[in-house]
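# Coordinate analysis (summary)
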Amino acid sequence: MDDKTIEALGKLRKALETTERARGHLYSFHQLTGTADFELGDAVAALREAGHAEHADRVQRDLLGRNVLPGRWTFQIVEEYDDMYHDVFRDVERAVRDDLADGERHGFEKQLKRERQRLSAAAYSENRGRTDQ
């Protein structure tokens, strides 16, 4: 495989890895928002216990279980991201890689590893005979 193809596939793979990171942040958003909703339940109970029923009612009515986007909880956003974007991205990346690199992943990194290790071995060989170290 030529260097330009390896570089192009490396860029495509890096873009996929970036979407993996974005997906992780989306799952964090999902979990944190869910945790906040359960914490709201605790706040409602604490407000009631402290004698602030009107405020407890408002928090419960306006926030508890609220959609974060029109008609959607965070799990639905995660599912839509996966189905409409992430899964398609992975499928396209895999198809391009299968066609151009026989399915080999991280070709750019493999090339980089070989070069970095070659440089390391050369430096080790050069320094091995020196006595001033």
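Values in this document were obtained by computation on a predicted structure and should not be read as measured data.

What counts and how
- Residues numbered from 1 in each chain as written.
- Predicted model: local features only at pLDDT ≥ 70, side-chain atom pairs only at ≥ 80, totals over all residues.
- Heavy atoms only, no water.
- Helix = DSSP H or I, 4+ residues; strand = E, 2+ residues; numbered from the N terminus.
- Buried < 20%, exposed > 50% of the residue type's maximum accessible area, 1.4 Å probe, protein only.
- Polar contact = N/O pair within 3.5 Å; in protein donor to acceptor, adjacent residues only side chain to side chain.
- Contact = heavy atoms within 4.5 Å.
- Expected span 1.5 Å × (residues − 1).

Within the element layout of this structure, Thr-74 appears in helix α3 (residues 74–101). The exposure class of Thr-74 is buried, given its relative accessible area of 7%. A polar contact of 2.7 Å, which involves the side chain of Thr-74, links it to the side chain of His-30. Excluding residues within four positions of it along the chain, Thr-74 makes contact with Phe-29, His-30, Thr-33 and Val-68.

Moving on, we come to helix α1 (residues 3–49). Taking 1.5 Å per residue as the helical rise, α1 with its 47 residues ought to reach 69 Å, and the 68 Å between its terminal C-alpha atoms agrees with that figure. Measuring from the side-chain oxygen of the N-cap residue of α1 to the backbone nitrogen of Lys-4 gives 3.1 Å; that N-cap residue is Asp-2. Just downstream of α1 lies Gly-51, where phi reads positive at about 90 degrees.

Further remarks concern the side chain of Asp-82. Tracing the chain through its elements places Asp-82 in helix α3. Relative accessible area serves as the criterion here: at 10%, Asp-82 is assigned to the buried category. In terms of polar contacts, Asp-82 uses its side chain to reach the side chain of Tyr-27, at 3.1 Å. If we skip the residues at most four places from it in the chain, Asp-82 touches Arg-23, Tyr-27 and Asp-87.

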